[in-house]
Amino acid sequence: MGTLRSFRNQNKNCYLLPSPSKVKYLIRAGFYYGNYDGVGKPPTFDLMIDANKWVTVVTSMENPILEEAIYAAKGDTISICLARTQADQIPFISSVEAMPLTETMYGKMNRNYAWFLNYRVHFGGTDVIGYPDDEYNRMWNPFPTPSLRTIIANFTELTGNCADDPPVAAILHAVEATNNTSSISLSFNFTGTSRSNYLALYFTEVGQLGADRRRAFNITIDGRDYGLTVAPRYQICDEVNATTDPAVGVMNISISPLEDSNLPPVISAAEVYTASPTLVEGSHQADLDGLETLKNAFNQLQAWTGDPCLPNNTVWEWLGCNADDPPRVTSLYMDGNHLGGEIPDFLGSLPNLRQLNLAYNNLEGFVPRSLTSNKNIRYNVTGNPSLEQQPKAEGKGKKVLNALWSLVLLGLIGYGVWWCCCRPRRDVVLVAPPPQQQSTMIHMETRATVVTG
């Protein structure tokens with residue numbers, strides 16, 4: 001937390017975390033402002049995971065902020081993004097972690113959601129438990145329960161652990177009710193109304209029980225019975241978990257002894273997560289491929305990271321997207337970005353592109369025919385002195401007409417040559433007319449042989 005990185009350029013900046021296996025990952029992002037910029041104004045900004053909003057991060061002057069989620073990888077990388085939500089708020093980040101979990105951990109968490117941590121606590125202790133006690137670097141905070149009695153296991157190792165694999169150190173300490181007829185009541189507060197929650201509770205029997213001793217209890221959540229009944233076992237971690245209804249402001253848990261139990265209820269640790277909205281897959285793949293090609297063509301676009309259109313309040317600079325599912329890129333506003341080189345031909349082939357502004361750059365070569373011939377795209381290439389318009393392609397009808405005229409012209413020329421040079425000649429025999437027509441015949445002597453009789 002002693003260092004950070006701030007992002008003063010672009011409205012969205014992302015880290016791509018490798019996720020070679022398609023398991024669930026524990027992802028944690030840390031933010032510690034510490035007045036690093038001397039301004040004394042802790043910023044607020046959005047945190048995203050792939051194409052989905054995670055949380056609005058509200059930083060403070062002194063306290064570090066940690067946001068944690070369990071998320072099932074969808075591809076070879078997981079994108080963690082910071083998005084500016086106000087012009088004068090500069091996003092920053094101090095740390096980001098991704099830890100792969102085993103296949104059996106958090107098996108009841110639906111992969112169609114991200115699960116955001118609300119509470120991870122242990123009872124009966126005073127220290128924060130983390131790595132190396134927890135090999136996944138989860139942090140278990142002490143949870144004060146002044147009305148309950150602290151008890152400690154008489155062993156130091158477990159012979160059987162729970163499916164979600166809590167650290168042994170979080171299980172060895174516990175709290176119990178003051179007598180065998182009392183219940184344990186726990187409350188977890190939420191900001192506003194939560195979505196569905198995942199609750200995991202962990203128990204162990206801290207000592208060996210005689211034949212006449214029994215500890216067993218039932219658990220209800222906000223007054224609803226989920227069929228969660230536990231009889232803790234010695235030196236073994238027992239877990240109950242459930243996906244619960246949304247909690248309105250607070251989640252109330254009651255752990256009540258069964259009728260045949262002569263020992264009070266006990267609990268060692270607990271976790272509470274809230275489900276995200278249903279995850280979206282991201283923008284249309286064809287647009288992603290095209291924009292990746294565009295990024296490769298221009299160095300100025302290398303800062304484009306994450307999903308171009310989602311979440312919808314974090315669209316990439318110079319892009320416009322529609323509200324389709326998945327969204328499509330409809331506009332590229334890239335004027336004045338000092339872009340150089342040739343205009344990529346594929347831009348004219350983007351099926352939903354309607355506006356393309358490339359004005360006042362350093363583009364050169366020709367405007368691709370894919371643009372000049374696409375009547376659906378309004379493009380602007382003003383202010384690129386080295387850029388030339390492609391000559392317009394002739395229509396099919398005009399090409400056919402020109403070919404026909406060429407054939408006619410060639411035919412006329414050929415006929416003229418034949419007439420002058422190649423046609424057969426023959427003499428004309430004329431019979432002399434009466435004397436009154438003699439002048440006419442003399443006039444014709446220049447063109448024919450006259451035979452008189």
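Scroll up to find the structure this text is about.
For the structure given in this document, a descriptive report is provided here. (Residues numbered from 1 in each chain as written. Predicted model: local features only at pLDDT ≥ 70, side-chain atom pairs only at ≥ 80, totals over all residues. Heavy atoms only, no water.)

A few words on the overall build of the chain. Scanning the chain from N- to C-terminus turns up five helices and 28 strands. Counting the 453 residues in the chain, one finds 43% classified as buried. Intrachain contacts of the chain at a sequence separation of at least 6 include 71% that bridge at least 24 residues. About 24,000 Å² of surface is accessible on the chain, with carbon and sulfur atoms providing 52% of the total. (Helix = DSSP H or I, 4+ residues; strand = E, 2+ residues; numbered from the N terminus. Buried < 20%, exposed > 50% of the residue type's maximum accessible area, 1.4 Å probe, protein only. Contact = heavy atoms within 4.5 Å. Areas by Shrake-Rupley, 256 points an atom, 1.4 Å probe, with all protein chains shown as cover.)

Here the focus is the pattern of salt bridges. Applying the stated criterion across every chain, the model contains 14 salt bridges. Here Arg215 makes a salt bridge to Glu205, at a shortest N to O gap of 2.9 Å. You can see Arg215 sitting in the loop between β15 (197–203) and β16 (217–221) and its partner Glu205 sitting in the loop between β15 and β16, a full ten residues away along the chain. The exposure class of Arg215 is buried, given its relative accessible area of 7%. In this structure Glu205 comes out as buried when scored by relative accessible area, which is 2%. (Salt bridge = Lys/Arg side-chain N within 4 Å of Asp/Glu carboxyl O.)

What follows concerns the environment of Met251. Relative to the assigned elements, Met251 resides in strand β19 (residues 248–257). Remark: the alpha-carbon pair of Met251 and Ser187, spanning 64 residues in sequence, is separated by 5.6 Å. Here Met251 is in contact with Leu186, Ser187, Phe188, Phe190, Asn197, Leu199, Ile221, Asp222, Thr244 and Val272, once residues within four sequence places are set aside.

Now for the sheet that holds strand β13 (residues 173–176). Sheet architecture is open: three strands sit in the order β12-β13-β20, paired in antiparallel fashion. Of all strands in the sheet, those bounded by a partner on one side alone are β12 (149–152) and β20 (266–267). Taken together, the four bridges between β12 and β13 define a ladder with antiparallel strand orientation. Bridge assignment links Ile151 to a residue of β13, and that residue is Ala174. (Pairing = 2+ DSSP bridges.)

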